[in-house]
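Below are the chains, spelled out letter by letter.
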Amino acid sequence: MEYRSLGASGLRVSTVSLGSWLTYGRTVDDDQTAACLTRAYEAGVNFFDTANVYAAGAAEIALGRWIKGVPRSDLVIGTKAFFPMGEGPNDCGLSRKHLVEQCHASLNRLGLDYVDLYQCHRYDESVPLDETLRALDDLISQGKVLYAGVSEWTAGQLSDAVAIQDRLGFRRLISNQPQYSLLARRIEDEVLPLSIREGIGQVVWSPLAGGVLTGKYLPGQAPPAGSRGADPDSNMFMQRTLRDDVLDAVIRLRDRIAEPLGVSVAELALAWALNTEGVTSVIVGASRPEQVNRNVAAARISLDAETIRRVEEIMAPFATVAQH
């Protein structure tokens, strides 16, 4: 496993990290959850990402059960807050009240004294930005959070945030968690250049476009039974990618580049994302340990400039198809 510094901080995270959206506490039982987390840990994964809203807190609980058996210093645990956790007027967003209360709630569910990375799950136009940033900084001062990050913030929002943090003497954001893959490259125009300049690392989600870049979905065929693409509760973000022209391109990627290199198309797609300047880690999901094995293998793959050019030539016509 390779480890990279997250943004301009001293925090080093594995280039492949394990997430829990749509899996742990929801569709994967406790034994399989523990097996996946243990396999990732054994393979060198140290960054485990979750959020308060995943399975209404059950994902954090599932992760917390497993954490008890692992040395805390070996782990980088990230969680998030923003989305509604109740029906009250203060049960969502990035107000000081919601962030502080949800940080405490997440710590209780995880069974931890602190989280390594606390992330604003989205931007909140209804709350003064300095209020949000002061709450994050206070949580850091209290030792409940070690570093702060965000998810899906624009370049302008990131720029405004670090300017306020510098002016008020707050600790800077060290990370952003955007969607990024061969089918979703929106961050390349503005977010990546700004983040590289300001020392904000990217921990990207859906690097396999919900599984489309694994090659498991074939043109002209229904999604395999039991797959995410066949589950209406999980595939809401995949509809625009489950198109024959996209799936044909993935097959070309597999046949022309991945297989001659002796790697899977998923490993190729993950390695491509990790080759992008400014990307620190790719968050993968897994419901079985063997999926963990396949995903962490991407950390060992190095792509030359010609291979990257050929990959992008095949996938460029669909580079924005998965974004949402």
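Provided above is the structure to which this section pertains.
Residues numbered from 1 in each chain as written. Predicted model: local features only at pLDDT ≥ 70, side-chain atom pairs only at ≥ 80, totals over all residues. Heavy atoms only, no water.

A.B. asks: Please clarify how the overall build of the protein chain should be interpreted in this entry.
C.D. replies: Each helix and strand in the protein chain was counted, giving 10 helices and 10 strands. Scaling as 2.2 N^0.38, a compact globule of 324 residues should have a C-alpha radius of gyration of about 20 Å, and the protein chain matches this with 19 Å. On the principal axes, the C-alpha backbone points of the protein chain span a range of 55 × 40 × 35 Å. Counting over 324 residues, the protein chain shows a buried share of 55%. Of all intrachain contacts in the protein chain linking residues separated by at least 6 positions in sequence, the fraction that spans at least 24 positions is 77%. Of note, the protein chain has its 32 positive side-chain charges centred 1 Å away from the centre of its 40 negative side-chain charges. (Helix = DSSP H or I, 4+ residues; strand = E, 2+ residues; numbered from the N terminus. Rg over C-alpha atoms; globule rule 2.2 N^0.38 Å. Buried < 20%, exposed > 50% of the residue type's maximum accessible area, 1.4 Å probe, protein only. Contact = heavy atoms within 4.5 Å. Lys, Arg positive; Asp, Glu negative; His and termini not counted. Charge placed at Lys NZ, Arg CZ, Asp CG, Glu CD.)

A.B. asks: For this particular structure, what's the right way to read the packing of helix α1 (residues 30–42) against helix α2 (residues 58–67)?
C.D. replies: For any two helices packed against each other, the geometry is given by the interaxial angle and the distance between the axes. α2 packs onto α1 with a crossing angle of 60° between their chain directions and a minimal axis gap of 10 Å. By the angle between their directions, the pair α1 and α2 is classed as oblique. With respect to the hand of their crossing, α1 and α2 are arranged in right-handed fashion. Every residue of α2 that contacts α1 at Asp 30, Thr 33, Ala 34, Leu 37, Thr 38 and Tyr 41 is listed here: Ala 62, Leu 63, Arg 65 and Trp 66. Partitioned by chemical class, the residues of the contact of α1 with α2 number six nonpolar, two polar and two charged. (Axes fitted to C-alpha atoms, helices over the stretch in contact; angles between N-to-C directions. Parallel < 35°, antiparallel > 145°, perpendicular 65-115°, else oblique. Left-handed = near helix turned anticlockwise from the far one by under 90°. Nonpolar A, V, L, I, M, F, W, Y, C, P; charged D, E, K, R; others polar.)

A.B. asks: When you look at the pattern of salt bridges in this model, what are you seeing that I'm missing?
C.D. replies: Pairing of side chains with opposite charge becomes possible as their charged atoms draw close. Tallied over the full model, the rule gives 20 salt bridges. A salt bridge links Arg 96 to Asp 138; the shortest N-O distance between them is 2.8 Å. With Arg 96 in helix α3 (residues 96–110) and Asp 138 in helix α4 (residues 129–141), this pair connects stretches of sequence that are 42 residues apart. Accessibility expressed as a relative area gives 35% for Arg 96, which makes it partly exposed. (Salt bridge = Lys/Arg side-chain N within 4 Å of Asp/Glu carboxyl O.)

A.B. asks: Any chance you could explain the packing of aromatic side chains here in plain terms?
C.D. replies: Two descriptors summarise a pair of aromatic rings, namely the distance from one centre to the other and the angle between the planes of the rings. As enumerated under the stated definition, the model contains six aromatic pairs in all. Measuring from centroid to centroid gives 5.9 Å for Trp 21 and Trp 205, while their planes differ by 85°, and the two rings are edge-to-face. Note that Trp 21 is positioned in the loop between β3 (16–18) and α1 and Trp 205 in the loop between β9 (201–204) and α7 (244–261), a separation of 184 residues in sequence. On the basis of relative accessibility, which here comes to 30%, the residue Trp 21 falls in the partly exposed class. The interplanar angle of 80° and the centroid separation of 5.0 Å between the aromatic rings of Phe 82 and Phe 83 together place this pair among those described as edge-to-face. The exposure class assigned to Phe 82 is buried, which follows from its relative accessible area of 16%. The exposure class assigned to Phe 83 is partly exposed, which follows from its relative accessible area of 26%. (Phe/Tyr/Trp six-rings, centres within 6.5 Å; stacked < 30°, edge-to-face > 60°.)

A.B. asks: For this particular structure, what's the right way to read the pairing of strand β5 (residues 76–81)?
C.D. replies: Here is the key point about a regular strand: its side chains alternate between the two faces of the sheet. Where burial is concerned, most of β5 is hidden: six out of the six residues are buried. What you see with β5 is no split at all: Val 76, Gly 78 and Lys 80 on one side and Ile 77, Thr 79 and Ala 81 on the other are buried throughout. In this sheet, β5 lies alongside strand β4 (residues 47–49) in parallel orientation, the contact comprising three bridges. Residue pairing for β5: Phe 48 is matched across the bridge by Ile 77. Traced from β4 through α2 to β5, the parallel crossover comes out right-handed. Pairing geometry for β5 and strand β6 (residues 115–120), over four bridges, is parallel. Counted as the bridge partner of Lys 80 is Gln 119 from β6. With respect to chirality, the unit in which β5 leads through α3 into the neighbouring parallel β6 is right-handed. (Pairing = 2+ DSSP bridges. Right-handed = clockwise from strand over helix to strand, strands pointing away.)

A.B. asks: Before we go on, may I ask you to explain the environment of Arg 240 in this structure?
C.D. replies: Position of Arg 240 among the secondary structure elements: in the loop between β9 and α7. Judged by relative accessible area, which is 43%, Arg 240 ranks as partly exposed. Put simply, Arg 240 and Ser 302 are 62 residues apart on the chain and 30 Å apart in space, counted from C-alpha to C-alpha.

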